[in-house]
Amino acid sequence: MKVLILPDAAAATERAAGLIAARLRARPETVLGLATGGTMEAVYARLIRDHRETGLSFAGVTSFNLDEYVGLAPDHPCSYWHYMRRQLFDHVDIDQARAHLPRGDAPDPKAEAARYEAAIETAGDIGLQLLGLGLNGHIGFNEPISSLSSVTRIKTLTQSTRNANARFFDRPEDVPRLAITMGIGTITRASDVLLLAHGAAKARVVAAMIEGPLCASCPASALQMHRKVTVVIDREAAADLRLRDYYELVHPDGREAEI
Ligand code: GLP
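This text gives an overview of the structure that appears in the document.

## A look at the sheet that holds strand S5 (residues 99-100)
Logical step 1: Taken in spatial order, the seven strands line up as S1-S10-S9-S6-S2-S3-S5 in an open sheet, and their pairing is parallel. Each end of this open sheet is capped by a strand with a single partner; those strands are strand S1 (2-6) and S5.
Logical step 2: Of the pairings in the sheet, the one linking strand S2 (residues 31-34) to strand S3 (residues 62-65) comprises four bridges and is parallel in character. The residue bridging Gly-33 from the neighbouring strand is Phe-64, located in S3.
Logical step 3: Across the sheet, helix H1 (residues 9-26) is in contact with S1, S2, strand S6 (128-131), strand S9 (192-197) and strand S10 (229-234); its angle to S10 comes to roughly 155 degrees.

## Let's talk about the site of the ligand
Logical step 1: The full set close to the ligand counts 15 residues, and Gly-38, Thr-39, Asp-67, Arg-167 and Lys-202 are the nearest of them.
Logical step 2: Here His-138 contributes a side-chain N or O atom positioned 2.9 Å from an oxygen atom of the ligand.
Logical step 3: Isolated, the ligand exposes 390 Å² of accessible area, and the fraction of that covered by the protein chains is 93%.
Logical step 4: Cavity membership is defined here by more than half of the atoms lying within 2 Å of grid points; on that basis the ligand lies in the largest pocket.

## A short note on the packing of helix H2 (residues 38-54) against helix H3 (residues 80-87)
Logical step 1: Two elements in contact, H2 and H3, have axes whose closest approach is 10 Å; the angle formed by their N-to-C orientations is 40 degrees. Viewed along their axes, H2 and H3 adopt a mutual orientation that is oblique. The residues of H3 that touch H2, namely those facing Met-40, Glu-41, Tyr-44 and Ile-48, are Tyr-83, Met-84 and Gln-87.
Logical step 2: The residue makeup of the contact of H2 with H3, split by class, is five nonpolar, one polar and one charged.

## Overview of the pattern of salt bridges
Logical step 1: All chains considered together, the criterion is met by 17 salt bridges.
Logical step 2: Residues Arg-49 and Glu-53 are paired through a salt bridge, measuring 3.7 Å at the closest nitrogen-oxygen approach. With Arg-49 and Glu-53 both in helix H2 and four residues apart, the pair spans about one turn of that helix.
Logical step 3: Look at Glu-53 and you get exposed, because its relative accessible area is 58%.
Logical step 4: The partner of Glu-112 in a salt bridge is Arg-115, and the shortest N-O contact between them spans 2.7 Å. Residue Glu-112 and its partner Arg-115 are both found in helix H4 (residues 109-122); the two are separated by three residues, about one turn of the helix.
Logical step 5: Exposure remark for Glu-112: the relative accessible area of 7% places this residue in the buried category.
Logical step 6: One salt-bridge network, held together by shared partners, links Lys-2, Arg-15 and Glu-256.

Conventions used here
- Residues numbered from 1 in each chain as written.
- Predicted model: local features only at pLDDT ≥ 70, side-chain atom pairs only at ≥ 80, totals over all residues.
- Heavy atoms only, no water.
- Pairing = 2+ DSSP bridges.
- Helix = DSSP H or I, 4+ residues; strand = E, 2+ residues; numbered from the N terminus.
- Contact = heavy atoms within 4.5 Å.
- Axes fitted to C-alpha atoms, helices over the stretch in contact; angles between N-to-C directions.
- Near = heavy atom within 4 Å.
- Polar contact = N/O pair within 3.5 Å; in protein donor to acceptor, adjacent residues only side chain to side chain.
- Areas by Shrake-Rupley, 256 points an atom, 1.4 Å probe, with all protein chains shown as cover.
- 1 Å grid on protein atoms, 1.4 Å probe; cavity = no way out; pocket = protein on both sides within 12 Å on 5 of 7 lines; lining within 4 Å.
- Sits in = over half its atoms within 2 Å of the grid points.
- Parallel < 35°, antiparallel > 145°, perpendicular 65-115°, else oblique.
- Nonpolar A, V, L, I, M, F, W, Y, C, P; charged D, E, K, R; others polar.
- Salt bridge = Lys/Arg side-chain N within 4 Å of Asp/Glu carboxyl O.
- Buried < 20%, exposed > 50% of the residue type's maximum accessible area, 1.4 Å probe, protein only.

Here it is as structure tokens:
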């Protein structure tokens, strides 16, 4: 696991967006795994700026988002499809026919989950998977004790996740109880994983993910088994890491190792 510690959230965002942009320039036909949540908004804003100012292109990209709320149609303002259009898709040259999210309003959500998993496999799996981190250690909507080899399926959201996401809804009770999410097994099949987290509230879970035991109680700890994970965090989110000095020695200011 490569741990890059940046001075603040803005620098961490810049670093993460730079890694994504470099990947797209090197391999324009990347299958991108995309994430939602507050952390990603600034990353997408940075990528849109890159698109406008430097011509960064998404034209060759196929994308699969991690998750969607069960019951929300794509045009619902709180759906992740709506989020993705607002935060990224409507502002870059991605072919929206190749930008995939699970259908939250599918009549048979279980069948939709199976269809989505098969579509990811058919695309040859994810090349670069972008991840945020839930306060309880979830990635996608894989809540604690999710199977570490799970595939796309329906998950019941914990109350803490519903509370954390209530800010995106008019009323807390409007947050759906179920979501369709890629599984931990789906996510860890990606060739490269890039996880971004910042702020003091994430310090405890960042330490659990990187240095804690590998266990389903902290789903993100499954990334310890992956060969190519880059974690980009700011100093606040790094505060509880026991080996923080070591990570900063290897990657001063979040730069690549000088080997
Ligand atoms: C939601 C998403 C996750 C995301 C998490 C973190 O629960 N399903 O994919 O990582 O939010 O959100 P934030 O970036 O707002 O802290």
